[in-house]
Amino acid sequence: MSVRRTVAALAGILLGGLCFGPVFGIRHLWLPVGLVCLVAFVVAEVCRRRPGLLNWRPLLVVVAGFLAIVESVLQATTLVGLPTVSSVRALGDGLAAWRLTLESTWPARPEPELLIFVPLLALVACVLTVELLDRAPPLVALLPAIGVVGVSQLYVAAEGFTAVLIAIAFGLLVIAVLIPDHFEYRRLTPWAMTAVVTLAAIVCGMVVSTIDPHGRTPYSLQRVQSASAPATRQTSPLDELAGRLSKGARDKVVFKYQTTEPVDRWRLIAVDNFDGSNWTTDHPLLMMGSRLGLGPEVRVETAPRSATIRPEAALGGPWLPGQLLPETVGNAVDPQVEPIGSTLVVPERPDYYRLTWAEPKIDAAYLSSAGVDGNAPGGLSDMGPIPPEIALLNPLGGKRATMATALALEKWFREHYKLAIGPNPPTGYSWPQLQRFLGDGTVKNPGSSEQFAAAYVALARQNSIPARLVVGFRAPAKPDAAGWYTVTNADAYAWPEVAVAGLGWWPLDPAAGAETSKTNPAGSAASITDEARAAVPEIEKIKDPESQPPSAEDEDNSGSGDRPFPLVPIFTVAAALLLLWLAGVPLLKLVRARRRRQRGGSAAVVGAWAEARDRIRAHGIQVSAGMTVRDLAHAARDLPDTGPGLANVARAVDQALWSGGPATPEVVGQAWTGVTAVRRALRSRPWLDRFQAALELRTLIPGPRQR
């Protein structure tokens, strides 16, 4: 076990640990993972210099690694820098940290109970690597590092240039591990060629892990685990809506908030599954990480927003008022988020919390001309059998699904139905209540906001417009003298949201009247929607686009202007080169040997000499101009048992070229018998040397002419 190979193998583990960067952030990983690799190297070197400690080496690596993890991750559990019982307990709890991390949004909070599993994984890999370096071929010692990378790819699959950079780094580590201890620079070519082959294989594997022929999101273990993540399930805010608007509860304060810029609404929950009676959602709640980033569906410019919220007793339940694109929740213990619907939940309601979110910066022209995103999760969920009376309603006249038709449908509701005003509005949003509310599409009895929202979603989905139902509160128009906006139960209402291509979910308000549009804050989502709605023509005058508007997954990133990374061409070229290398080089050598032997007379003898020379060259022996067969035998003295075979070739060359006699078949046979002996002798070489020799390109390039 050389120092160079130990450093290279442990560096691979460090690289694998840093591949968890998208989960925790690299700045939180390099110290604990780096310390584990460092102490493993120190212990390995001490044991190498003191052979009496070799039997204790695995235990020493484990103990030193645990101490490194405690000092770098679990400092809060130590006493005067020394581990305690709490430290040992925390190390044991770390065995389940991988599961907790999958139940959090990423980047996760770099807390010990979540992050600790990464250095523990690195420690296991270090123990295996240090032992394999003494007991197995060099490449086998890299398997633990590759295993760490593989686990990281199950969390977040590397894509594009990141995947290529990881592959390049591993290619360099392969070179460092494979180069012999007594390396001669003239033998660089075979090792470099082997590293290129390995690098191409790693690139192909990583590209394959990020490519899906159907355009789906790359596999992530989080999607499997989060499907069973524990979620707080209580009475839905949708079921509480009628009670909030009752006469005795309307004036109760739900929460107060302060913000530098006004908002038009606050959300509690989004639901997208409808069975004909109830609206629910099956998206899992995840622990809120350090920051919730924007999803790939949002590709427009956004502006940062923030607010301080003080919940009151009337809020009830675990729900926290939030916004459409939340980023952080401060001063709340263990907040959870449902990223698809932006629902915020806490086990214990805080006295106050600070919410930051992103707000898309678009105008009415963008909104009215946008397409819809049919791939949005839950946007086109099945609603079961639709009553014939509702299925016959056709307010859009078969127009293709766009944001213009979504706004036209909203306008249709505003023109044909009225919102029930006052306490005790009509309740119910199942098919019978919606059928009674919608009637035949003409003006009927006033409906509640949840009936407007549910009916809009039903008709939108019938027309291929992805939509869902949201429950929350209208925002008050003005703050009090202290700058606090007060939200009461009377502000509770429901509205639909439509999935817009490149923008994400966008709120609409089919239940609002002209009087509410006047109170919408300038620049708010409601104000932008008002302008876009006013610009949309009558339904029959809306023109279908020439082609279906692209979905969020099909469009290029128009906000960044970057060209997509050509993964498919890279994979194709890399795979072709790899196959050409593995199959083409040995095949060409076989064909060349047969052609040399088929020559007649002295040419066949010269071919035997060239074949023997190239076989020796493939194993790293330098061949110079003017070198004779006996000179080559002397240069190849370090290759065992090649001397007798080269001696046969030398005698055949002397007789065919210098004796003046003819090159008889016996002489040709003697020359190729010598080649066969050389090949047999080279088979005793280590398998790695034979593998490199078989794939070395240099032997296919004509060498120096022989005299």
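Preceding block: the structure.
### Description of the overall build of the chain
Then, number 1: Looking only at helices and strands, the chain features 26 helices and 15 strands.
Then, number 2: Of all 707 residues assigned to the chain, the portion counted as buried reaches 49%.
Then, number 3: The long-range share in the chain, meaning contacts at least 24 apart out of those at least 6 apart in sequence, stands at 78%.
Then, number 4: Here the chain displays about 32900 Å² of accessible surface, and carbon together with sulfur accounts for 59% of that area.

### Thoughts on a nonpolar patch on the surface
Then, number 1: On the surface, Trp-56, Leu-59, Leu-60, Val-63 and Leu-67 cluster together into a nonpolar patch covering about 470 Å² of accessible area.
Then, number 2: Mapping Leu-67 onto the fold places it in helix 4 (residues 57–73).

### Observations regarding the nonpolar core
Then, number 1: Counting 92 residues, the largest nonpolar core has Trp-266, Met-403, Phe-413, Leu-469 and Trp-506 as the members making the most contacts within it.
Then, number 2: Here this core takes nine residues from helix 18 (residues 449–462), the largest share from any one element.
Then, number 3: If we ignore the near neighbours within four places in the chain, the residues touching Met-403 are Leu-367, Ala-370, Gly-371, Val-372, Val-498, Val-500, Trp-506 and Leu-508.
Then, number 4: Core analysis: the next-biggest nonpolar cluster, separate from the first, contains 45 residues, Val-33, Ile-69, Ala-97 and Val-127 among them.

### Remarks on the state of the cysteines
Then, number 1: Tallying each qualifying case throughout the model produces zero disulfides.
Then, number 2: Of the cysteine sulfurs around Cys-37, a residue in no disulfide, the closest is that of Cys-126, at 4.0 Å.
Then, number 3: On the accessibility criterion, Cys-37 (6% relative accessible area) is buried.
Then, number 4: Here Cys-126 falls in the buried class, since its relative accessible area comes to 0%.

### Re the pairing of strand 14 (residues 492–500)
Note on strand geometry: in a regular strand, side chains alternate between the two faces of the sheet.
Then, number 1: Burial runs high along strand 14: nine of the nine residues are buried.
Then, number 2: Burial along strand 14 is two-sided: Ala-492, Ala-494, Pro-496, Val-498 and Val-500 and Tyr-493, Trp-495, Glu-497 and Ala-499, pointing in opposite directions, are all buried.
Then, number 3: Direction of pairing for strand 12 (residues 467–474) relative to strand 14: antiparallel, over a ladder of seven bridges. Across the sheet, the residue bridging to Val-470 is Trp-495, located in strand 14.
Then, number 4: Sheet topology places strand 14 next to strand 15 (residues 504–507); four bridges connect them, and they run antiparallel. Each bridged residue has a counterpart across the sheet, and for Glu-497 the counterpart in strand 15 is Pro-507.

### Observations regarding unusual backbone geometry
Then, number 1: The amide bond that connects Trp-106 to the next residue, Pro-107, takes the cis arrangement and shows omega of 0 degrees.
Then, number 2: In this structure, Pro-107 sits in the loop between helix 6 (97–102) and helix 7 (112–115).
Then, number 3: A positive phi angle, near 65 degrees, is found at Asn-331, a position not held by glycine.
Then, number 4: The topology assignment puts Asn-331 in the loop between strand 8 (326–330) and strand 9 (336–338).
Then, number 5: Positive phi is not limited to glycine here, since Asp-641 has a value of about 65 degrees.
Then, number 6: Structurally, Asp-641 is set in the loop between helix 23 (629–635) and helix 24 (643–658).
Then, number 7: Take Asp-641: its relative accessible area is 60%, and that puts it in the exposed class.

### So, the sheet that holds strand 11 (residues 353–360)
Then, number 1: Read from one edge of the open sheet, five strands run 8-11-6-1-13, paired in antiparallel fashion. Edge positions in the open sheet fall to strand 8 and strand 13 (485–488), since each of these has one partner strand only. Taken over all neighbouring pairs, the strand axes of this sheet differ in orientation by 25 degrees on average, direction set aside.
Then, number 2: Pairing analysis gives five bridges linking strand 1 (residues 253–259) to strand 6 (residues 302–311), with the strands arranged antiparallel. Within the sheet, the bridge partner assigned to Tyr-257 lies in strand 6 and is Ile-309.

### Considering the side chain of Arg-685
Then, number 1: By secondary structure assignment, the location of Arg-685 is in the loop between helix 25 (665–682) and helix 26 (687–695).
Then, number 2: Among the polar contacts listed, one links the side chain of Arg-685 to the side chain of His-619, at a separation of 3.5 Å.

### Remarks on the sheet that holds strand 10 (residues 343–345)
Then, number 1: Overall, antiparallel pairing links the four strands, which are arranged 5-9-10-7 in an open sheet. This sheet does not close on itself; its edge strands, each paired only once, are strand 5 (286–287) and strand 7 (319–320).
Then, number 2: The sheet contact formed by strand 7 and strand 10 spans two bridges and is antiparallel. Along strand 10, the bridge assignment pairs Leu-320 with Leu-344.

### A closer look at the pairing of strand 12
Then, number 1: Among the eight residues of strand 12, seven are classified as buried, and the element is accordingly described as predominantly covered.
Then, number 2: The sheet contact formed by strand 2 (residues 265–271) and strand 12 spans six bridges and is antiparallel. If you follow Arg-267 over to strand 12, its bridge partner there is Gly-472.

### Quick word on the environment of Thr-84
Then, number 1: In this structure, Thr-84 sits in the loop between helix 4 and helix 5 (85–93).
Then, number 2: You can call Thr-84 partly exposed: its relative accessible area is 23%.
Then, number 3: Along the primary structure Thr-84 and Val-70 are separated by 14 residues, whereas in three dimensions their C-alpha atoms are 9.6 Å apart.
Then, number 4: Beyond its immediate sequence surroundings of up to four residues, Thr-84 is in contact with Thr-77, Thr-78 and Leu-79.
Then, number 5: Only 2.4 Å separates the side chain of Thr-84 from the backbone oxygen of Thr-77, close enough to count as a polar contact.

### Comments concerning helix 17 (residues 431–438)
Then, number 1: Of all the residues in helix 17, the buried ones are Trp-431, Leu-434, Phe-437 and Leu-438. Looking straight down helix 17, one finds its buried side chains confined to an arc of 125 degrees; they lie on one side.
Then, number 2: Elements that come into contact with the buried residues of helix 17 comprise strand 3 (273–274), helix 15 (388–391), helix 16 (403–416) and helix 18.

### Some words on the pattern of salt bridges
Then, number 1: Under the definition given, this model contains 23 salt bridges.
Then, number 2: The partner of Glu-131 in a salt bridge is Arg-57, and the shortest N-O contact between them spans 2.9 Å. With Glu-131 in helix 8 (residues 117–135) and Arg-57 in helix 4, this pair connects stretches of sequence that are 74 residues apart.
Then, number 3: Taken together, the shared-partner salt bridges in this structure form one network comprising Arg-592, Arg-596, Glu-611, Asp-614, Arg-615 and Arg-617.

### A look at the packing of aromatic side chains
Then, number 1: This structure, assessed with the given rule, holds 21 aromatic pairs.
Then, number 2: On the basis of an interplanar angle of 90 degrees and a centroid distance of 5.7 Å, the ring pair of Phe-20 and Phe-117 is categorised as edge-to-face. Placement of the pair is Phe-20 in the loop between helix 1 (3–18) and helix 2 (21–24) and Phe-117 in helix 8, with a sequence separation of 97 residues. The pair formed by Phe-20 and Phe-117 is uniform in burial state, with each residue classed as buried.
Then, number 3: Each member of the aromatic cluster is reached from another via a ring pair, and the members are Phe-255, Tyr-257, Trp-266, Trp-357, Phe-473 and Tyr-485.
Then, number 4: For the cation-ring pair, Arg-265 lies above Trp-495, with the distance from its terminal atom to the ring centre recorded as 5.1 Å.
Then, number 5: Of note, Arg-468 hangs over the ring of Trp-505, and the distance from its end group to the ring centre comes to 4.1 Å.

### Focus: the side chain of Thr-488
Then, number 1: Mapped onto the fold, Thr-488 is located in strand 13.
Then, number 2: Note on Thr-488: relative accessible area 18%, which makes it buried.
Then, number 3: Residues contacting Thr-488, with those up to four places away along its chain left out, are Arg-250, Asp-251, Lys-252, Val-253, Val-254 and Phe-473.

What counts and what doesn't
Every chain begins its residue count from 1, and numbering advances along the sequence as written. Only residues with pLDDT of at least 70 get local features here, since the model is predicted, and only at 80 or more are side-chain atom pairs given and counted; chain-wide, interface and lining totals rely on the full set of residues. Based on all heavy atoms of the structure, the side-chain values leave hydrogens and waters out of the count. Helix and strand definitions follow DSSP, with helices as H or I runs of at least four residues and strands as E runs of at least two, each counted in order from the N terminus. Whether a residue is buried, partly exposed or exposed follows from its accessible area with a 1.4 Å probe, protein chains only, as a fraction of its type maximum: under 20%, in between, or over 50%, in that order. Whether two residues touch is decided by their heavy atoms; if any such pair falls within 4.5 Å, the residues are in contact. Under the convention used here, a 1.4 Å probe and the Shrake-Rupley method define accessible areas, while residue burial counts only the protein chains that appear. The patches reported here contain residues having more than 30% relative accessible area and no salt bridge. Joining distances are 9 Å for like charges and 5 Å for nonpolar side chains (Val, Leu, Ile, Met, Phe, Trp, Tyr). Take a side-chain nitrogen of Lys or Arg and a carboxyl oxygen of Asp or Glu: if they are within 4 Å of each other, that pair is a salt bridge. Remark: nonpolar core denotes a set of buried residues (Ala, Val, Leu, Ile, Met, Phe, Trp, Tyr, Cys) joined through side-chain atoms within 4.5 Å. Criterion for a disulfide: a pair of cysteine sulfur atoms at a distance within 2.5 Å. For two strands to pair, DSSP has to find at least two bridges joining them. Interaxial angles span 0 to 180 degrees and are taken between N-to-C directions of axes, which are lines fitted to C-alpha atoms, for helices over the stretch in contact. Polar contact criterion, stated in full: a pair of N or O atoms within 3.5 Å, where within protein one must be able to donate a hydrogen and the other to accept it, and residues adjacent in sequence count only if both atoms are side-chain atoms. Throughout, the arc means that of the directions going from the helix axis to the C-beta atoms. For this analysis, a ring pair means two rings from Phe, Tyr or Trp (six-membered ring only for Trp) whose centres lie within 6.5 Å, classed as stacked if their planes differ by under 30 degrees, edge-to-face if by over 60, and tilted for the remaining angles. Only when the NZ of Lys or the CZ of Arg is both within 6 Å of the ring centre and within 35 degrees of the ring normal is a charge said to sit over the ring.

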